[in-house]
Amino acid sequence: MWDLNSNSFTQVAAHDAPVKSVNWVQAPNYQCLMTGSWDKTLKFWDTRQAQPMMTINCEERVYASDVVYPVAVSVLAGRKIKIINLENQPTVHNTVEPPLRYQLRDVSIFKKDGKPAGFGVCSIEGRAAIEPFDNSVPNSKDKFTFKCHRSPVQNDYNKPQDIYAVNGIKFIRPSVPWPQLVVTVSLASGTRMQERS
């Protein structure tokens, strides 16, 4: 952690493998730093202590996380999504698989009426998915996937299409009922896929 007043650094968290996500949790009865790592753990840190206040073991490596109290969502290797309830103390609420077929890259929680309502995930297959937390309504219009970051199809649907990995997804949280979605792509040689339509 970097103290801007003193221009000094303090280590506040440690894992046995690279840390891939860092999020601040601001709850009514506690505040902590949540870190996710390739050591297959989510750890919750009181920044004044050397040891984590809690550790959640995951089935796979943590790729990305987002927090909007009282919920945290982490995407894991193996196309798993872990939903964490942050009320009182962090507990695993559910582990789900998204409708996307390939490696997940990022996650972002969206709000509706001021409360967390669901999340968006993106993958290397040039797709994103929107998932509501309330899955009680089958075939809900609020749950969908869409293609993005692809080369345009030019009248010949038999030609291969360039598909670019979607590496980031964020909801802009303005004061309107439904947030706006922003997806990002990083282009580098060897990072595109091809799909026949």
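The preceding data block contains the structure.
Residues numbered from 1 in each chain as written. Predicted model: local features only at pLDDT ≥ 70, side-chain atom pairs only at ≥ 80, totals over all residues. Heavy atoms only, no water.

1. Here we look at the sheet that holds strand β8 (residues 71-76)
Moving on, step 1. Taking strand neighbours across the sheet as the criterion, the four strands line up as β7-β8-β9-β10 in an open arrangement whose pairing is antiparallel. Edge strands, defined here as strands with exactly one partner in the open sheet, are β7 (62-68) and β10 (91-96). On average, each strand axis in the sheet is inclined to that of its neighbour by 20°, with strand direction left out of account.
Moving on, step 2. Two strands pair when backbone bridges link them, and β8 and strand β9 (residues 80-85) are joined in this way by six bridges, in the antiparallel orientation. Note that in β9 the partner of A72 across the bridge is I84. (Pairing = 2+ DSSP bridges. Helix = DSSP H or I, 4+ residues; strand = E, 2+ residues; numbered from the N terminus. Axes fitted to C-alpha atoms, helices over the stretch in contact; angles between N-to-C directions.)

2. So, the environment of T91
Moving on, step 1. Tracing the chain through its elements places T91 in strand β10.
Moving on, step 2. On the basis of relative accessibility, which here comes to 35%, the residue T91 falls in the partly exposed class.
Moving on, step 3. Placed 37 residues apart in sequence, T91 and M54 show a C-alpha to C-alpha distance of 9.7 Å. (Buried < 20%, exposed > 50% of the residue type's maximum accessible area, 1.4 Å probe, protein only.)

3. Section: the side chain of D106
Moving on, step 1. As for its placement among the helices and strands, D106 is situated in strand β11 (residues 104-112).
Moving on, step 2. Judged by relative accessible area, which is 11%, D106 ranks as buried.
Moving on, step 3. Within the structure, the side chain of D106 is placed 3.5 Å from the side chain of K170, a separation counted as a polar contact.
Moving on, step 4. Discounting residues that sit within four places of it in the chain, D106 has contacts with A64, V75, G120, V121, C122, N167, G168, I169 and K170. (Polar contact = N/O pair within 3.5 Å; in protein donor to acceptor, adjacent residues only side chain to side chain. Contact = heavy atoms within 4.5 Å.)

4. Looking at the pairing of β7
Moving on, step 1. In terms of burial, β7 is a largely internal element, seven of the seven residues being buried.
Moving on, step 2. The pairing of β7 with β8 spans six bridges and is antiparallel. Each bridged residue has a counterpart across the sheet, and for V67 the counterpart in β8 is A72.
Moving on, step 3. Hairpin connection between β7 and β8: a loop of two residues separates the two successive antiparallel strands.

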